[in-house]
Amino acid sequence: MSRLVQTAQEQLRGILHSAAQNAVVDGTFAALPTGAWRIEVPANRAHGDFSANAAMVWAKELRTNPRMIAQALVDHADLGDTYFTKLDAAGAGFLNFTLGAAYYADILLDIAALGDDYGQSELLAGQKINVEFISANPTGPMHMGNARGGALGDCLAALLARAGAQVSREFYVNDAGNQINKFALSLDVRYRQIVQPDNAPDLPEDAYQGADITALAQQYVDAHGDALLSLSEQERRAALVDFALPKNIQSMRDTVEKYRIVYDLWYFESELHKSGAVTELIAEMTAKGLTYEKDGALWYRASNAADEESKDEVLVRENGVPTYFAADIAYHRNKLLTRGFDTAIDIWGADHHGHVARMQGALDALGLDGTHRLKVILMQLVRLMSEGEVVRMSKRTGNAITLTDLLEEIPIDAVRFLFNLREPETQMEFDLDLAVAQGNDNPVYYCQYAHARACSVLRKLAEAGHPLRPCSREELARLQAPAETELIAHLAALTGMTESAATNCDPAKITRYCLELAGLYHKFYAACRVNCEDDALRAARLYLCDCTRSVLRRQLELFKISAPEEM
RNA sequence: GCGCCCGUAGCUCAGGUGGAUAGAGCAACUGCCUUCUAAGCAGUGGGUCACAGGUUCAAGUCCUGUCGGGCGCGCCA
């Protein structure tokens, strides 16, 4: 939490501690209570700014009912030289603290002094975190699921960095393994269907059916004609893959760039095989006695007495080719050991959940503490809605809505914002109509509008001869209307929100924070006229506008969402 | 059959790690622009927190069971 919030809470603890001591001195309490209590923020702000549950916690050891204890504490408390101006007992024994104007004034001075650094935290300082996301299969175009993963991963990375971590964004390119063989086969069939239509096989059921495959084959024909027919099947397929795969990868890079995502590293699965990392890993696992041979394959012994549920897995197939699982262990070993990340965060579709425990277990077996150092965020799939109906997407027929299509139809601001409005593991609907709507139902516009409005006020008043100016603590303390203090209280909560969002790996907390901040600003705007007669009050309100504008812009831009000055 | 996720207002969702009368936004209705952006604000109606037990001063939140929805359980990735 921010310095000032922390200061206020320390004062609060001090007040209650002294009150309890005073109560012991005059005999009201038999002894100094020791039970640990907490500071909370009441759901209903009319109750105060903070509340403490000390009286309820202490009820047992003091053998008195909570209300009596609360009242005794109030009677023995001295607010003295603190930010608090009011303390009262309420409800079942809550102690409600109300902050005075000096606190709000100091919050604003703090925000102005820290500028873009306001809201930042040192919570994760010193931690190296790798965030891997999208990692779409390069054999085809990216789809809606990748859209959610992209928005989530990129914003999560930004959030962790804001909480002090050293963050690296990574895309894992699965350019090896079975799906590449399938890709090769599909391309080959399509190629032959084009160059020798009379003597070409049909595309097998389990091959890639998409129109993108045919298009790639056609591109090859356009560039090189039917020269491949004279080669062996193996050579022909290799040539087609060498031609098509880089094109697909480039197209992923282009799409991702349009999506405003910048990766620190594109890591190629093929590198793991070429460099010998997979072979090394298998040797290490074998040396540690984690493997055995059966049916000509090499198995990883996941099962053990402690966990009967775990199932053994194949590492090397009967044909000598390592499985995806083997490569993936090698990949994570590379992240956690070779490259020294403290934590690896992977964002996967929820359909991969079965893989999580296996992966962590294998890393644990290697002594890498996968249980704690590998965090997998499982995203539930997205249902695309339009005009109140589900837009069906089918991979098989090849008419799936691609990420590229989506980004062409919908403003990037809206996509990034809307995908970060819900927690990752909830099944969400993505409403196409809402995303393109330029109206009040679209949450991203609501936030941007609040920002533009604040900018406009600052601009207009400057033109009228009232530019933004520094304010004294006394001037800022004039901000006492409920709409003003509620707005400032929310501004004060930003750092705590950064920390909570980072701890929970949940960027949605930040988008919702922005929505609420925008709402409170709109309320303030309606309730308090900035351009009023009183010079000090006008200056203080302008100052508040500027702080709100600054925080809102910083948060939107953290997620690479634009904060327009005019709309 | 086994495992993971979810179930809160008509709809989409919050609910700070157990706290006070469960909150927003859409949708519906009613007001508010001669002054800083009406892409806004104010107000009204709307709930058996899926259901049943349990844990305690206190349960939407924790534990068990049931029902309903989504997704997994390959020498696929």
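Throughout what follows, the structure given in this document is the object of discussion. Just so we're clear, the structure is a prediction, and the values are computed from it rather than from any experiment.

So, the sheet that holds strand 10 (residues 313-316)
Here is step 1 of the chain: Taken in spatial order, the 3 strands make up an open sheet running 8-9-10, and their pairing is antiparallel. Edge positions in the sheet fall to strand 8 (291-294) and strand 10, since each has one partner strand and no second. In this sheet, neighbouring strand axes are inclined to one another by 45° on average, regardless of whether the strands run parallel or antiparallel.
Here is step 2 of the chain: Here strand 9 (residues 297-300) runs beside strand 10; their pairing, made up of 3 bridges, is antiparallel. Counted as the bridge partner of Tyr-300 is Glu-313 from strand 10.

Let's talk about helix 17 (residues 443-463)
Here is step 1 of the chain: Here helix 17 spans 30 Å end to end across 21 residues, near enough to the 30 Å set by a 1.5 Å rise per residue.
Here is step 2 of the chain: A positive backbone phi angle near 90° is found at Gly-465, which sits one or two residues after helix 17.

Observations regarding the packing of aromatic side chains
Here is step 1 of the chain: For the structure shown, the criterion picks out 16 aromatic pairs.
Here is step 2 of the chain: Between Tyr-83 and Tyr-103, the ring centres sit 5.3 Å apart and the planes meet at 75°, which makes this aromatic pair edge-to-face. Taken as a pair, Tyr-83 in the loop between helix 3 (66-76) and strand 3 (84-90) and Tyr-103 in helix 4 (residues 101-114) lie far apart in primary sequence, 20 residues in all. For the residue pair Tyr-83 and Tyr-103, the accessibility class agrees, reading buried in each case.
Here is step 3 of the chain: Note on Phe-133 and Tyr-263: the rings are 4.9 Å apart at their centroids and 35° apart in plane angle, and the pair reads as tilted. Of this pair, Phe-133 sits in the loop between strand 5 (128-132) and helix 5 (144-162) while Tyr-263 is found in the loop between helix 8 (233-258) and strand 7 (265-268), placing the two residues 130 residues apart along the sequence.

What to know about the sheet that holds strand 12 (residues 374-379)
Here is step 1 of the chain: Judged by pairing direction, the sheet is parallel, and its 5 strands sit side by side in the order 7-6-5-11-12 without closing on themselves. Each having just a single partner strand, strand 7 and strand 12 make up the two edges of the open sheet. Put simply, the sheet's adjacent strands are angled 25° from each other on average, direction ignored.
Here is step 2 of the chain: Pairing of strand 11 (residues 343-349) with strand 12 involves 6 bridges; the strand directions are parallel. Bridging across to strand 12, Trp-348 finds its partner in Leu-378.
Here is step 3 of the chain: Each of strand 11 and strand 12 is contacted by helix 12 (residues 353-365), which is oriented at about 175° to strand 12, the strand it contacts most.

Thresholds applied
Residues numbered from 1 in each chain as written. Chains lettered and ligands numbered in written order. Predicted model: local features only at pLDDT ≥ 70, side-chain atom pairs only at ≥ 80, totals over all residues. Heavy atoms only, no water. Pairing = 2+ DSSP bridges. Helix = DSSP H or I, 4+ residues; strand = E, 2+ residues; numbered from the N terminus. Axes fitted to C-alpha atoms, helices over the stretch in contact; angles between N-to-C directions. Expected span 1.5 Å × (residues − 1). Phe/Tyr/Trp six-rings, centres within 6.5 Å; stacked < 30°, edge-to-face > 60°. Buried < 20%, exposed > 50% of the residue type's maximum accessible area, 1.4 Å probe, protein only. Contact = heavy atoms within 4.5 Å.

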